[in-house]
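# Coordinates in review
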Amino acid sequence: MTAAIFYILSAAALLATLMAITRKNPVHAVIYLVHAFFALALIFFILGAPLVAAWEVIIYAGAIMVLFLFIIMMLELTPGEAARGPGWQRWAPVILLSGSIVVCTLLLMTAEPQAGPGGPNFYASPRDFGYGLFKEYALAVEIVSFQLLFAAVGAFYVGRGERTRRRARGDER
Amino acid sequence: MLDSYLPIIVLIVIALAFAVGTIVMSHLIGHRKPSAVKLAPYECGMPLVGSARERLSIKFYIIAMLFIVFDIEAVFLYPWAVVFKRLGMFGFAEMGVFIFILLVGYVYVWKKGALEWE
Amino acid sequence: MENLVQLAMQNVNFAAIMPSLVLCCFGMAILLINVFMPRGKTTSASLISIIALLVTAVVSLQGWNNPQFGFAGHVALDNFATFFNMTFLLAAGLTILMSDDYLRREGYPIGEYYPLILFSTAGAMWMASGTDLMTIFLGLEVLSISLYILAGMFRHQLQSNEAGLKYFLLGAFSTGFLLYGIALLYGVAGTTNVADIGLYLSAHPAMIGNPMTVAGMLLMSIGFLFKIAAAPFHMWTPDVYQGAPTPVTAFMSAGPKAAAFAALMRIFILGLAGLQSEWTSLLWGLAILTMIIGNVTAIYQTNLKRMLAYSSIAHAGYALVGLVAANAVGVSGILFYMLAYTFMNLGAFAVLVLAGKKGEENLTLEGFSGFGFKRPFLGVAMTIFLLSLMGIPPTAGFAGKFYIFAGAIKSGYIWLAIIGVLNSAVSLYYYLRVIVYMYFKDPQEDYSWVSMHTGAVVSIVIAIVGVLYLGIIPGKIMEMAKLAIF
């Protein structure tokens, strides 16, 4: 049963990604990408990594998609002509995707725990995960912190507006 | 599994039923007399001002980017918090260093004026 | 429970990460100084960076013949890492020396520049000293992200923007391959520790031929070969090298290449020794392809930065020959070659930094007409570096190629060595052409050249000394390189 859900979700993730990269309207592409992230989150859940599943939703479907939307709005990408064809044709993929994701979520919630490929040995509770991460991979955690540090520095440097720059020059004199 | 998730399932079902039900019901039994003004997008009851597809300032990008950076920092706190006691001083020092490094980044972007809107 | 915590504490061996730790602390300090001090004072930042690199060099040398392991076996400061650390520090040092006046001249006196160079050096160190795929991957990311920013640093120049964006997009894409490869290898061996993967594969020979293992190896090599700029993953190199600020290009041509070689060697030789026949045949083909594409395309270039980009691809090909040989001479030859390449290539780029005309960077072949007589010191320096890049004795380039091809012959790859030598002969054409322009053509107009910056001159002198030292008495450094391999 879990195996079946896994394959359905994988298909959904693939379909959503495929739709995302073929859409002409960037906002539609983002919506499909969000579906892909949700499907992936559920796959992580099946594989016994609930925390990673939550991160997938919080960071990818949440924060990063917001960034995508800001970029789209900043670039002022005008969508192509309105889609042709009857309404149901335009809505079918997105309804199919969200429907299958919701159904899979409900099935996973009601299913017996740890039945299927994600056997008991592979279940990493947030507790196990945290202990492994912070004890075994202590160095990796600190390196990630450094990366975030100059991700902030770099994002600010690349993206800062002209006014900030002019003010910086004014200080020089 | 079912026991712990049952309230959430019930909530999802109610939310879905409410949202879908409202739309379907108003569609079915609503009294419709469309006019140009009525079909226009709702903007706080004011007359429309310009297009919705305005070009956003790049400042949004910087804010969103910084949000992601500190969001990821927060995300690291969850698994740390659940094993905080077990990790002891070691974990405390580790997270202290982690936060300190990001604090440097925070001070940097703050002093550089990235958080000011102008 | 207490025991576990104590075990973890014991595992924290700061000696093992001391070099990168020092660099990062200095980097953060410069970042904060830059924020709180009045703007435009980059000289102090470059000075502090040089001090940071010297301190790091001293700290790093503590690891020589005194291997330190730490953090649950995720990092090791052994001879191998120390040797590479020295190469990275040298590359960073020469880069910083040539940067300060250049940045001011080009109108970007940016304080972030120096911390970013230091961070990327630290990333390179994590790649060389990482004994766990996680550490190596994160090191690669630290190195790359800083370089993405540095490549696009000249915000108002389209070429620089293009360089940054191209490097970022393709780099992120190749990192995806690397990560996928790591995931597959983890799936096979159940561990990300390089040595443990090696142990697992030797204990389970059946898994060696498993498609998952081979696919993991292939995908992982794509990630590193991209950084090395080996064909067919070299497409980004010319545009990025040309568009990025010249000192950044200089660093980019030496630092990441050496770091990716370090990681590749540690993973392939320690972790995937069981798949040696697979990766040897892969790299055999890629080495030849890389040498030919690099050298033949370089012939058609008229922009010197672009020419050096293709030459850098070609040199990646020569170095790959050493990895194909996979014997003591070949592998230590790579270590030697990376050091030699750092000297000669950064020297050449330092000359390019000083070759500018007032108001523009003067990097075309035509612009170099009569360069040798107008600016005798730079002309002689450039000639030495070009001879070294060609591989003419008595320069570092000759010694490096000699060791690498000797290693290939020793392992029985005679054809590979012959192709390598033939490629070197092809490379004579485009390197010599620069010398011909410098000495046998008259300048078309009277340029006013940019003044000699002290920092860049110092880095040129250091590079000349290094090139000649490694070329005339290579034995001592080669002995150290032999001690440094596994």
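Predicted model only: the values in this text are computed from it and were never measured.

## Regarding the overall build of chain A
- Regarding its fold elements, chain A presents seven helices and zero strands.
- Counting from the amino terminus, helix and strand elements in chain A follow one another as α-α-α-α-α-α-α.
- A buried classification covers 32% of the 173 residues belonging to chain A.

## Details of the overall build of chain C
- Looking only at helices and strands, chain C features 20 helices and two strands.
- Viewed in the frame of its principal axes, chain C has a C-alpha envelope of about 75 × 60 × 40 Å.
- Looking at the 486 residues of chain C, the share that counts as buried comes to 60%.
- In chain C, the proportion of contacts linking residues at least 24 apart, taken out of those at least 6 apart, comes to 80%.

## What about the interface of chain A and chain C?
- In this assembly, 19 residues from chain A lie in contact with 25 residues from chain C.
- When contributions to the side of chain A that touches chain C are tallied by element, the ones reaching two or more residues are α5 (126-136), α6 (138-159) and α7 (162-172) of chain A.
- For the side of chain A that touches chain C, the leading source of residues is α6(A), giving 13 residues.
- Residue composition of the side of chain A that touches chain C, grouped by class: 13 nonpolar, two polar and four charged.

## Some words on helix α4 (residues 79-106) of chain C
All names here are of chain C.
- Compared with an ideal rise of 1.5 Å per residue, which puts 28 residues at 40 Å, α4 spans 40 Å between its outermost C-alpha atoms and is within 8% of the ideal.
- Along α4, the sharpest kink reaches roughly 40°, centred on Ser99.
- Among the 28 residues of α4, 25 are classified as buried, and the element is accordingly described as predominantly covered.
- Backbone geometry just after α4 places Gly107 at a positive phi near 85°.

## Quick notes on the UniProt feature "transmembrane region" (unreviewed entry) in chain A
- Here the UniProt feature "transmembrane region" (unreviewed entry) sits at residues 6-22, 29-51, 57-79, 91-111 and 137-159 of chain A.
- Across residues 137-159 of chain A one finds 96% helix and 0% strand; the C-alpha atoms that close the span lie 32 Å apart.

## With respect to the environment of Ser459(C)
Residues and elements named next belong to chain C.
- Position of Ser459 relative to the elements: it lies in helix α19 (residues 454-472).
- We classify Ser459 as buried; it has 28 C-beta atoms within 10 Å.
- In the structure, Ser459 is positioned 109 residues away from Ala350 in sequence and 7.0 Å away in space, judged by C-alpha atoms.
- With sequence-adjacent residues up to four places away left out, Ser459 is seen in contact with Leu94, Leu97, Met98, Leu346 and Ala350.

## So, the interface of chain A and chain B
- Taken together, the contact between chain A and chain B spans 45 residues of the former and 44 residues of the latter.
- Those elements that provide at least two residues to the side of chain A that touches chain B are α3 (50-75), α4 (87-110), α5, α6 and α7 of chain A.
- Counting residues per element, the side of chain A that touches chain B draws most heavily on α6(A), which supplies 13 residues.
- Its residues assigned to classes, the side of chain A that touches chain B comprises 31 nonpolar, seven polar and seven charged.

## Section: the confidence of the model for chain C
- Across chain C, the average pLDDT comes to 89, with 95% of residues at or above 70.
- As a predicted assembly, this complex carries a pTM of 0.90 together with an ipTM value of 0.86.

## Observations regarding helix α7 (residues 158-189) of chain C
- Helix length check: α7(C) (32 residues) gives 46 Å between terminal C-alpha atoms against 46 Å at 1.5 Å per residue, within 8%.
- Residue Gly190(C) follows α7(C) closely and has a positive phi angle near 75°.

## Some points on the confidence of the model for chain A
- Overall, the predicted model of chain A reaches an average pLDDT of 80, with 81% of residues at or above 70.
- The low-confidence segment residues 164-173 of chain A, where pLDDT is below 50, has seven contacts with residues more than four positions distant or belonging to other chains.

## Remarks on unusual backbone geometry
Residues and elements named next belong to chain C.
- At the junction of Ala231 and Pro232, the peptide bond is cis and its omega measures out at 0° in the coordinates.
- One can find Pro232 in the loop between α9 (211-228) and α10 (236-243).
- Pro393 connects to Pro394 through a cis peptide bond whose omega is 0°.
- Inspection of the secondary structure assignment puts Pro394 in the loop between α16 (376-390) and α17 (396-410).
- Residue Phe71 is not a glycine yet carries a positive backbone phi of 55°.
- Among the structural elements, Phe71 can be located in the loop between β1 (68-70) and β2 (75-77).
- Look at Phe71 and you get buried, because 24 C-beta atoms sit within 10 Å.
- Backbone geometry at Ala72 places phi at a positive 55°, although glycine is not the residue there.
- Here Ala72 lies in the loop between β1 and β2.
- Since 18 C-beta atoms lie within 10 Å of it, Ala72 is described here as partly exposed.

## A short note on the environment of Leu103(B)
- Secondary-structure assignment places Leu103(B) in helix α4 (residues 84-111).
- Separated by 84 residues in the primary sequence, Leu103(B) and Ala19(B) place their C-alpha atoms 43 Å from one another.

## Here we look at the nonpolar core
- With 222 residues, the main nonpolar core has Ala152(A), Val321(C), Val324(C), Ala350(C), Val351(C) and Phe385(C) as its most contacted residues.
- With 20 residues, helix α14 (residues 328-354) of chain C is the single largest residue contributor to this core.
- Leave out the neighbours within four places in its chain, and Val351(C) touches Leu378(C), Ala381(C), Met382(C), Phe385(C) and Ile460(C).
- Listed in part, the 21 residues of the second largest apolar core include Tyr32(A), Leu40(A), Phe45(A) and Cys104(A).

## Comments concerning the packing of α4(C) against helix α5 (residues 113-129) of chain C
All names here are of chain C.
- With their axes 10 Å apart at the nearest point, α4 and α5 run at an angle of 165° to one another. Here α4 is positioned roughly antiparallel relative to α5, judged by the angle of their axes. The element α4 and its partner α5 pack so that their crossing is right-handed. In contact with Ala81, Phe84, Asn85, Phe88, Leu89, Ala92, Thr95, Ile96, Ser99 and Leu103 of α4, α5 contributes Tyr113, Tyr114, Ile117, Thr121, Ala124, Met125, Ala128 and Ser129.

## As for the environment of Phe26(C)
All names here are of chain C.
- With respect to the helices, strands and loops of the structure, Phe26 is situated in helix α2 (residues 14-36).
- Given 22 C-beta atoms within a 10 Å radius, Phe26 is considered buried.
- Distance in space between the C-alpha atoms of Phe26 and Gly70 is 22 Å, their sequence separation being 44 residues.
- The residues contacting Phe26, other than those within four sequence positions of it, are Ile48, Ala52 and Leu118.

## So, the packing of helix α2 (residues 26-46) of chain A against α3(A)
Residue and element names in this part refer to chain A.
- Between α2 and α3, whose axes approach to 8 Å, the crossing angle comes to 170°. Relative to α3, the element α2 is oriented roughly antiparallel. Along the contact surface, α2 presents Pro26, Val27, Val30, Leu33, Val34, Phe37, Phe38, Leu40, Ala41, Leu42, Phe44 and Phe45, while α3 presents Pro50, Val52, Ala53, Glu56, Val57, Tyr60, Ala61, Met65, Phe68, Leu69 and Ile72.

Parameters at a glance
- Residues numbered from 1 in each chain as written.
- Chains lettered and ligands numbered in written order.
- Predicted model: local features only at pLDDT ≥ 70, side-chain atom pairs only at ≥ 80, totals over all residues.
- Helix = DSSP H or I, 4+ residues; strand = E, 2+ residues; numbered from the N terminus.
- Buried ≥ 20, exposed ≤ 12 C-beta atoms within 10 Å, placed from the backbone.
- Contact = placed C-beta atoms within 7 Å.
- Nonpolar A, V, L, I, M, F, W, Y, C, P; charged D, E, K, R; others polar.
- Expected span 1.5 Å × (residues − 1).
- Bend = angle between axes of the 7 residues up to and from the residue.
- UniProt positions renumbered as here; feature names shortened; annotations may be inferred.
- pLDDT = per-residue confidence, 0-100.
- Core = buried A, V, L, I, M, F, W, Y, C linked by C-beta atoms within 7 Å.
- Axes fitted to C-alpha atoms, helices over the stretch in contact; angles between N-to-C directions.
- Parallel < 35°, antiparallel > 145°, perpendicular 65-115°, else oblique.
- Left-handed = near helix turned anticlockwise from the far one by under 90°.

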